[in-house]
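Each chain is listed here by its residues.
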Amino acid sequence: MRCARQWRFRGPGSPPRRSRDGEGQHEREQDGAAHSRHVVRTAKGAEPRRYRADVVTTTIRPAAAGDAAAIAGIYNEGIEDRVATFETRPRDAGEVAEWIAGGLPFLVAEDGGILGYARVSAYSDRCVYAGIGEHGVYVARSARGRRLGVALLDALAEACEAAGYYKLTSRVFADNGASRAVHRAAGFDEVGIQRRHGRLDGEWRDCVLVERLLGEAAA
Ligand SMILES: CC(C)(COP(=O)(O)OP(=O)(O)OC[C@H]1O[C@@H](n2cnc3c(N)ncnc32)[C@H](O)[C@@H]1OP(=O)(O)O)[C@@H](O)C(=O)NCCC(=O)NCCS
């Protein structure tokens with residue numbers, strides 16, 4: 001598809017994005033759970049700030065080719081859980097490397113190893129919808145409940161806004177309480193239910209549509 005306007009993501013290798021006050025690399029700290037902090041860098045550049053030794057520092061940054069195997073492992077946990085996606089076939093690093101190479105917004109949370117990711121895929125091949133991203137967020141089982149899901153979604157929204165998107169949307173299984181909670185916490189609205197939207201392991205599943213408006217659309 002070729003549309004008049006192209007959406008560009010400042011992924012690995014992009015020059016640092018200037019912050020609004022012009023002081024250089026954009027970097028933001030978020031207080032997370034009592035003993036965690038997330039350093040958010042939606043573009044490559046400055047080193048994370050240092051914290052006390054008892055504080056876990058997590059960096060959110062654009063995904064790189066070398067993250068593919070870890071991301072595949074986290075996605076495959078989500079597939080196994082049977083609450084996140086209609087997909088049932090495990091993915092391998094090669095397939096994930098192609099997603100990363102696709103150049104759409106794709107962030108990972110890292111704390112020594114990769115703990116989770118959030119990414120966008122095309123919502124539609126119609127040009128009118130080119131500013132809408134369909135997103136997914138997955139956190140490793142061992143890292144859930146540390147507010148990484150919220151931090152990843154928030155950072156993804158920021159990266160998408162900077163790339164010119166005006167909306168993020170996804171379908172969440174109605175019984176996926178964790179995903180519905182994380183989306184609410186990250187400023188998404190539930191705007192409808194798609195009943196019996198597909199079968200997983202032979203069982204009909206209802207999906208909740210979630211969306212967050214970005215940029216001018218959010219004004
Ligand atoms: C959904 C998922 C991404 C949440 O990530 P997470 O890092 O564990 O969630 P967070 O710690 O950021 O929690 C954010 C909020 O959701 C709530 N929450 C998290 N897990 C919850 C659960 N199982 N039940 C109810 N609420 C939950 C938290 O209490 C928190 O709420 P608060 O803001 O009121 O404190 C993670 O559970 C996961 O990867 N699940 C499997 C894949 C999946 O379902 N992805 C979504 C596909 S649509």
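Residues numbered from 1 in each chain as written. Predicted model: local features only at pLDDT ≥ 70, side-chain atom pairs only at ≥ 80, totals over all residues.

(A) Structural detail: the overall build of the protein. Along the backbone of the protein there are 5 helices and 9 strands. Mapped in sequence order, the helices and strands of the protein form the string β-β-β-α-α-β-β-β-α-β-α-β-β-α. Taking all 219 residues of the protein together, the buried fraction comes to 35%. Across the protein, every contact between residues at least 6 apart in sequence was considered, and the portion connecting residues at least 24 apart equals 60%. (Helix = DSSP H or I, 4+ residues; strand = E, 2+ residues; numbered from the N terminus. Buried ≥ 20, exposed ≤ 12 C-beta atoms within 10 Å, placed from the backbone. Contact = placed C-beta atoms within 7 Å.)

(B) Here's a closer look at the site of the ligand. Near the ligand, the surroundings consist of 24 residues, among which A84, R144, G149, A178 and A181 are the closest. Split into classes, the residues belonging to the shell around the ligand amount to 12 nonpolar, 8 polar and 4 charged. (Near = placed C-beta within 6 Å. Nonpolar A, V, L, I, M, F, W, Y, C, P; charged D, E, K, R; others polar.)

(C) Representation of helix 4 (residues 177-185) in the model. Inspection of helix 4 places S179, V182 and H183 among the buried residues, and these make up the whole buried set. Looking down the long axis of helix 4, one finds its buried residues gathered within 100 degrees of arc, a one-sided arrangement. Facing away from the buried side of helix 4 by over 90 degrees, the exposed positions are G177 and A181. Looking at the packing, one finds that the buried side of helix 4 touches strand 6 (132-139), helix 3 (148-162), strand 7 (167-173) and strand 9 (203-213). One or two residues past the end of helix 4 sits G187, with phi positive at roughly 85 degrees. (Arc of directions from axis to C-beta.)

(D) Geometry of helix 1 (residues 68-81). With 14 residues, helix 1 extends 20 Å from end C-alpha to end C-alpha; this agrees with the ideal 20 Å at 1.5 Å per step. Looking at the buried side of helix 1, the elements it contacts are helix 2 (93-101), strand 4 (106-111), strand 5 (113-122) and strand 6. (Expected span 1.5 Å × (residues − 1).)

(E) Quick look at the nonpolar core. Formed by 45 residues in total, the largest nonpolar core has its most connected members in I71, L107, Y117, L152, L153, L156 and C160. Every element with two or more residues in this core is listed here: helix 1, helix 2, strand 4, strand 5, strand 6, helix 3, strand 7 and strand 9. At 10 residues, the largest contribution of residues to this core is made by helix 3. (Core = buried A, V, L, I, M, F, W, Y, C linked by C-beta atoms within 7 Å.)

(F) Looking closely at the pairing of strand 9. Sheet analysis places strand 7 next to strand 9, joined by 7 bridges and oriented antiparallel. Note that in strand 9 the partner of S170 across the bridge is V210. Sheet topology note: the strand 8 (residues 189-200)/strand 9 ladder contains 8 bridges and is antiparallel. Counted as the bridge partner of R199 is W204 from strand 9. The loop that links strand 8 with its antiparallel partner strand 9 comprises 2 residues; one of these, D201, has a positive phi angle of about 50 degrees. (Pairing = 2+ DSSP bridges.)

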